[in-house]
Amino acid sequence: MAQAGQREEWGSRIGLILAAAGNAIGIGNLLRFPGQAGANGGGAFMIPYVISLIVFGLPMMWVAWTIGRIGGRYGHGSTPGMFDKMSNSRFAKYFGVLGLALPLIFVLYYTYIEAWCLGYSWFSLTGDYISEAGRNVDLRVYYDEFLGNTTTHSYFPGLSSALTFLLIALVLNVFVLYRGVARGIEMLAKIAIPLLALFCLVLIVRIFSIGDSALVKGTAMDGLAFLWTPDFSTLTSPSVWLAAAGQIFFTLSIGFGSLECYSSYVKQNEDIALTGLTTASSNEFVEIIFGSMIAIPAAALFFGAGEVQSIASSGTYSIGMVTMPEILRSFPGAQLFGTIWFLLLFFAAFTSSVGVAQPVMAFLQDELKIKRGAAAMVVGVFWLLGTIPVIYFYRYGVLDEMDFWSGTIGLVVMALIEVVLFAWVFKIGRSWEVLHQGAQIQVPRFFKPIINYVTPIALIAILVGWMGDAVSQGKLIPQPRLAWDVMNRSEYTGNFIKNSENDVTHLQRNIISNFEGSVSTAVTGANRDLTAYARIQFPGDGTVRVVSYEGDPKLAPGVTVASLQSYLNAKGFHYEVFDNGAWVSEPGEAMLAIEGLNRAPYIWLIRIIIVALIVAFSIMVHVIWKERRLSGEGGTA
Ligand code: PHE
């Protein structure tokens, strides 16, 4: 964004296209997409996903660029000002507040995930997770411990390394905001995006060429079959639709005022119809081709197709962060490949996170007349303070909670507001003209009725459907979580195994849910975390025996030696070593740490923070516009 007169503008066309693609391509494509698709049943997810791309994704992309252009004409780079100029109502600007509060929440956890990539790049370089003789790193546990998600500390003593990488990521982000996005981003995007594509290809070839080895539990093709075998059974499930639409908005960077902000710096004769199309298509290329051919096939390969859904369900990003290093360490030259791969992922995320922070930067600069440097500092301080709960309360599920409200629901709500403004308030005819001003391409006419009717009505239907579901099934009430694992895992050469969800019988499932239910009840009753330890033995026949158990008295009567033992057996928990070319059950002993986590206070904390931010920005907008009116500086257009 070179300084041009009063308002900044993008330096070059290619710079704009790359920056927009860099904004869209990020964690969403390579980590979140496989996570969402996996957790929502693979083939069952892909149908709503593809429909959402056409009905929501493309139209909203054009809507976003148009809204940004209208705002930019009047010197507004954030949605309150943009919405104000599109409507005669004095309430419109308050809807725009969501375009500040939501990206601000979003960026807090997004940079944390970005920091994981940086961390894993470093761990690759040092060879930390690469198994050696006598030390077998279980990557699921490794990831959990890195984030403090477990009761055990076999690989990481605490959160200090997660914190360190986050600080590095934060400093880099604030530095780029401080310098101005265009200069840094354009260069980064030019190098990182093509390199990322190249490395994706290398990984894909690798995953699909691994033959029969005793180390693999399935084939990569099983993963593709899981993803691409159409499954119509969930087409009536609002939550799958919500997940698919949410993913489309997330990956295309729609509904956060981020691309709108980029668009507000575009020259008035720039072809935004084409820029929108290139942004969407380059993003979807990376998502559908690379996003679906890496993490899920790799998970099917290394853990078995039956495990894909359960790994993905254990946390939106698990599948990428667990399986990616798993493939990488099977490479010769794992350290080098891993370092580069995660570094590139980090850069892809980085070009997105500075983009997410832009609307707030623009708000501070355009509306509060704060200088860029000072604005970057304000954002930086908030960023630092705001990520602390994300790090420390990660194990209570706060990241997924933030991701749900801002990254899924929030995006859908904002998209609905934007499409209504574009089509019904500003009126589709006028909007269409703004979109095509200076454009060499013509957006196909049939998108007009889509944007006018299909998109808004479908968005409303999804929201209403989801609300009905969420309320009737009590989904919004935070439930306690059970966390348990073997202590000092790094001392074992073999693997601890649980049955995959699919292999669990009906009877076993009952035992599991009874046990989890009684832990939940105990935790809710005590209203705090409850801990226990147990010594267990593996006789070597694939079963578990609980030898002794010691725990918080509040866990009684639900958790006893007997109930814990039947739970562990129902889970198929056992110990295996690699012997003579095969995995065999082995006798042994271990200590388990068990914890019932009282999630409610943390989940409510996050919800309160979100509401507080919305209120705070509304007050700011109110005061700013009031003063402007008093000083007679332009009213509503
Ligand atoms: N699209 C980015 C990704 O896929 C995330 C993002 C969302 C960036 C919204 C900006 C605004 O990772």
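Some thoughts on the site of the ligand
Close to the ligand lie 15 residues; A24, G28, Y110, F250 and S253 are nearest. Within the backbone of A24, an N or O atom sits 2.9 Å from a nitrogen atom of the ligand. Within the contact set of the ligand, a nitrogen atom lies 2.9 Å away from a side-chain nitrogen or oxygen of S253. The protein chains hide 100% of the 320 Å² of surface that the ligand would expose on its own.

Brief notes about the pairing of strand 7 (residues 574-579)
By the bridge criterion, three bridges tie strand 4 (residues 495-497) to strand 7 in an arrangement that is antiparallel. Bridging across to strand 7, F496 finds its partner in Y575. In the sheet, strand 7 pairs with strand 8 (residues 582-585) via four bridges, with the strands oriented antiparallel. Bridge pairing in strand 8 links D579 to A582. Connecting the antiparallel pair strand 7 and strand 8 is a turn made up of two residues, with N580 showing a positive phi of about 50°.

Thoughts on the confidence of the model for the protein chain
Confidence in the prediction for the protein chain averages 90 pLDDT; 96% of positions are at 70 or higher. Between residues 1-5, whose pLDDT stays under 50, and residues either more than four places distant or in other chains, the model counts 13 contacts.

Thoughts on the sheet that holds strand 3 (residues 481-486)
The strand order across the open sheet formed by four strands is 3-9-5-6, and the pairing between neighbours is antiparallel. This sheet does not close on itself; its edge strands, each paired only once, are strand 3 and strand 6 (545-551). Averaged over all adjacent pairs, the angle separating strand axes in this sheet is 20°, with direction ignored. Along the sheet face, helix 23 (residues 561-570) touches strand 3, strand 5 (530-538), strand 6 and strand 9 (588-597) and points at about 125° away from the line of strand 6.

What about the sheet that holds strand 8?
Strand order across the open sheet formed by three strands is 4-7-8, with antiparallel pairing between neighbours. Edge strands, defined here as strands with exactly one partner in the open sheet, are strand 4 and strand 8. Direction aside, the axes of adjacent strands within the sheet are offset by 40° on average.

Criteria and thresholds
- Every chain begins its residue count from 1, and numbering advances along the sequence as written.
- In keeping with the model being predicted, local features are shown solely for residues with a pLDDT of at least 70 and side-chain atom pairs are shown and tallied solely at 80 or more, while totals for entire chains, interfaces and linings include all residues.
- As a rule here, side-chain values come from all non-hydrogen atoms in the structure, and water together with hydrogens is ignored.
- Any residue with a heavy atom lying within 4 Å of a molecule or strand is counted as near it.
- We define a polar contact as two N or O atoms separated by no more than 3.5 Å, with the added condition that, inside protein, one atom must be a possible hydrogen donor and the other a possible acceptor, whereas residues neighbouring each other in sequence contribute only through side-chain atom pairs.
- What sets the accessible areas is the Shrake-Rupley method with a 1.4 Å probe; for residues, cover comes only from the shown protein chains.
- Any two strands are treated as partners once DSSP identifies two or more bridges connecting them.
- Note on conventions: DSSP H or I runs of at least 4 residues are helices, E runs of at least 2 residues are strands, and numbering of each starts at the N terminus.
- How sure the predictor is of each residue is captured by pLDDT, a score from 0 to 100.
- Residue contacts are counted whenever heavy atoms from the two residues lie within 4.5 Å of one another.
- In this analysis an axis means a line fitted to C-alpha atoms, helices contributing only their contacting stretch, and an angle means the value between N-to-C directions, from 0 to 180 degrees.

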